[in-house]
Structure formats: structure tokens, C-alpha cells
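# Structure assessment
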Amino acid sequence: MKFYVVNGSPRKNRNTAQLLTKSLEGINDTIKVELPDEKIKVKFFNLYKLKYTGCRSCFACKRINGKHYGHCNIKDDLKPILKGLESADGVVLGSPIYLSDVTGQMRSFYERFIFPYLVYDREASSLASNMLPVGCIYTMNLTKQQYDESEVPMVLDLFENGIERIYGKPYSLKVFDTYQFKDYSKYKNEIFNPEHKIKRREEHFPIDLQNAYDLGRSLALDAMERKLNCNI
Ligand SMILES: Cc1cc2nc3c(=O)[nH]c(=O)nc-3n(C[C@H](O)[C@H](O)[C@H](O)COP(=O)(O)O)c2cc1C
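This structure is a prediction, so every number in the text was calculated from the model and none was measured. (Residues numbered from 1 in each chain as written. Predicted model: local features only at pLDDT ≥ 70, side-chain atom pairs only at ≥ 80, totals over all residues. Heavy atoms only, no water.)

As a further point, take the pairing of strand 3 (residues 90-98). In terms of residue burial, strand 3 counts as a mostly covered element, since eight of its nine residues are buried. Where strand 1 (residues 2-7) meets strand 3, five bridges bridge the pair, whose relative direction is parallel. Paired with Asn7 across the bridge in strand 3 is Gly94. In this structure, strand 3 lies alongside strand 5 (residues 134-139), joined through six bridges in parallel fashion. (Buried < 20%, exposed > 50% of the residue type's maximum accessible area, 1.4 Å probe, protein only. Helix = DSSP H or I, 4+ residues; strand = E, 2+ residues; numbered from the N terminus. Pairing = 2+ DSSP bridges.)

Listed in full, the buried residues belonging to helix 3 (residues 104-114) are Met106, Ser108, Phe109, Tyr110, Arg112, Phe113 and Ile114. Where helix 3 is buried, its residues contact strand 1, helix 2 (78-85), strand 3, strand 4 (101-102), strand 5 and helix 5 (152-167). (Contact = heavy atoms within 4.5 Å.)

Moving on: the side chain of Lys2. Counting through the fold element by element, Lys2 comes out in strand 1. For the buried residue Lys2, which engages in no salt bridge, the nearest side chain bearing the opposite charge is Asp89, 7.3 Å off. Polar contacts involving the side chain of Lys2 include one to the main-chain carbonyl oxygen of Gly84, which spans 3.2 Å. For Lys2, the side chain forms a polar contact with the side chain of Ser87, separated by 2.9 Å. Filtering out sequence-adjacent residues up to four positions away, Lys2 remains in contact with Lys41, Gly84, Ser87, Ala88, Asp89 and Gly90. (Lys, Arg positive; Asp, Glu negative; His and termini not counted. Salt bridge = Lys/Arg side-chain N within 4 Å of Asp/Glu carboxyl O. Polar contact = N/O pair within 3.5 Å; in protein donor to acceptor, adjacent residues only side chain to side chain.)

With that settled, the discussion passes to unusual backbone geometry. Despite not being glycine, Asn65 has its phi angle at roughly 60°, a positive value. With respect to the helices, strands and loops of the structure, Asn65 is situated in the loop between strand 2 (41-46) and helix 2. Phi is positive for Ser100, which is not a glycine, with a value near 70°. Relative to the helices and strands, Ser100 is located in the loop between strand 3 and strand 4. In this structure Ser100 comes out as partly exposed when scored by relative accessible area, which is 24%.

With that settled, consider the packing of helix 2 against helix 3. Geometry of a packed helix pair, given as the angle between the helix axes and the separation of the axes. It is the contact of helix 2 with helix 3, at a shortest axis distance of 11 Å, that shows an interaxial angle of 50°. In terms of orientation, helix 2 lies oblique with respect to helix 3. At the point where helix 2 passes helix 3, the crossing takes the right-handed sense. Of the residues in helix 3, those in contact with Leu78, Lys79, Leu82 and Leu85 of helix 2 are Phe109, Arg112 and Phe113. Its residues assigned to classes, the contact of helix 2 with helix 3 comprises five nonpolar, no polar and two charged. (Axes fitted to C-alpha atoms, helices over the stretch in contact; angles between N-to-C directions. Parallel < 35°, antiparallel > 145°, perpendicular 65-115°, else oblique. Left-handed = near helix turned anticlockwise from the far one by under 90°. Nonpolar A, V, L, I, M, F, W, Y, C, P; charged D, E, K, R; others polar.)

On to the site of the ligand, then. For the ligand, the set of nearby residues contains 16 residues, the closest of which are Ser9, Arg11, Thr16, Ile97 and Thr178. In this structure, an oxygen atom belonging to the ligand sits 2.6 Å away from a side-chain N or O atom of Thr16. Measuring from an oxygen atom of the ligand, one finds a backbone N or O atom of Ile97 at 2.6 Å. Here the ligand, which alone exposes 650 Å², has 80% of that area covered by the protein. At the level of elements, helix 1 (15-34) and strand 3 are the ones that each hand at least two residues to the shell around the ligand. With three residues, the top contributor of residues to the shell around the ligand is strand 3. (Near = heavy atom within 4 Å. Areas by Shrake-Rupley, 256 points an atom, 1.4 Å probe, with all protein chains shown as cover.)

Once that is clear, we can look at the nonpolar core. Ranked by internal contacts, the top residues of the largest apolar core, which has 37 residues, are Leu85, Leu93, Phe109, Phe113 and Tyr167. When residues of this core are traced back to their parent elements, those giving at least two are strand 1, helix 2, strand 3, helix 3, strand 5 and helix 5. The biggest single contributor to this core is helix 5, with six residues. Excluding its chain neighbours within four sequence positions, the residues that come into contact with Tyr167 are Phe113, Ile114, Tyr117, Ala128, Asn130, Met131, Leu132, Val134 and Arg226. Listed in part, the 20 residues of the second largest apolar core include Ile31, Val175, Phe205 and Leu219. (Core = buried A, V, L, I, M, F, W, Y, C linked by side-chain atoms within 4.5 Å.)

Next comes the structure, spelled out in C-alpha cells:
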């Protein structure tokens, strides 16, 4: 089975990346236990290392009888990844929240991951031949309470609605109050308490990592079930 992980943070080893790595561990462990003979292929992509754009509005994916109907035809670093996703068994997307939304790179990826499969019809049909389970992991400075009182839940609901329309309801994990700077004393900051951030990192981040692992487990079990149903 083949699983993809997509890191929408520019930081290769920080909060989002660590959580994604844990989700991958959850996927791996689950498949190894449930299907010991199964070969597992995993690919971890850092979006900020790739050269690509969002949708360019060429509409090759919507052209009637067109060669690229239902597929994105932009030739850049995302093309092979989107192609790979068409036969993958699952994908976990991770993004920090930047100015109340996912990062720009994640948003551009998302346009290409969703729009080619979306049909302009009254039924809002999906052209995705591969209904792969999708996981979403978000990290942010906001506390849970600040998040609940903010506009971010609405923004992330919209993000996930797009995924649901094409692939089915995604697994979702929100990670709050993350540790942002390596050394808080070096940066202008009057709103975050460094002691609190260290405590949160030590006491709560391990729970977040476990939740990411569990998301990976659920996604793997779902992927196995979908594969089984496909083979019946
Ligand atoms: C440009 C920028 C904008 C940010 N905007 C927000 C925001 O609107 N809300 C929030 O809660 N955190 C915000 N953050 C904090 C990050 O979401 C948070 O530190 C995240 O966990 C970073 O993920 P990473 O460690 O994987 O890079 C912002 C960070 C940056 C660099």
C-alpha cells in the first residue's frame, strides 16, 4: 500500500512535520500488524521545497472530450505527486495556520488536489477515481478557547468541505498553542509567555503526537477497508 504525507510548513522538522511523522508511524504500525505481508510505501513531501503554483485557470481539466479531462495538466513539481495520489491508499496533509488560514503553499496544493476532480454540475459530482482517505493536521498558536472564539473554525470547515466533496470526510486534528520560537527571548513578543509555552510543549505536545499517531491508525484502517471493498 502507498501513503503520502504532505507538509505545508516551511519548517522541515518542527511542529507540523513532527506530527505528520507520527501519523505516518501510526499508518505503518497498523498496516504491519493488520496485513503483515503487505509492502508499505510512504512518501513525505515538503511543499516548500517544490516549485509549483496553484490552479492557473487553464480549464484543461474541464474541457469536454479533452485529453486532460478530470486531471490537472500543469507541468511542474506537483504533477507527479498528483499523479501518484491518484493511485495512493491515503494521504495526510499538514499545515500551520498562517493569518487564520492554511499556508499559501498548502492552499495552492489544495487547489490542484481538488479543482480538477470537481464537476460543474448540479449534483456537485466528483471525478476522483481514487476515493482515498485524507487526514488533515493543523498547528497554531491559538489556544483551544481562542480558536473556538475565532474565525478559523469556519475557514477550516470550508477547507475540509472541499476535501469531503471530492474524497469523503477527512480525518481532522487541530493542535493548539504550539511552540513557535526556539528561543523566545530573542524575538519581540509581548503576548506569549515563554514558560507557559515550554510547559505546554513538555506536557501537552506528547498528547498531540499520540493523537496524530491515532489519526494515522484510523486512516490506515479506513484505507484497508476501502481496498478490501474494491477487491470484492
Ligand atoms: C506568517 C505566520 C503567520 C501565522 N499566523 C497565525 C495565526 O493566524 N494564528 C495562529 O494561531 N498562529 C499563527 N502562526 C503560528 C503558527 O501557526 C504556529 O507557530 C505553527 O505551529 C507553526 O508550525 P511549524 O512549527 O510546523 O512551522 C503564524 C506563523 C507565521 C510564521
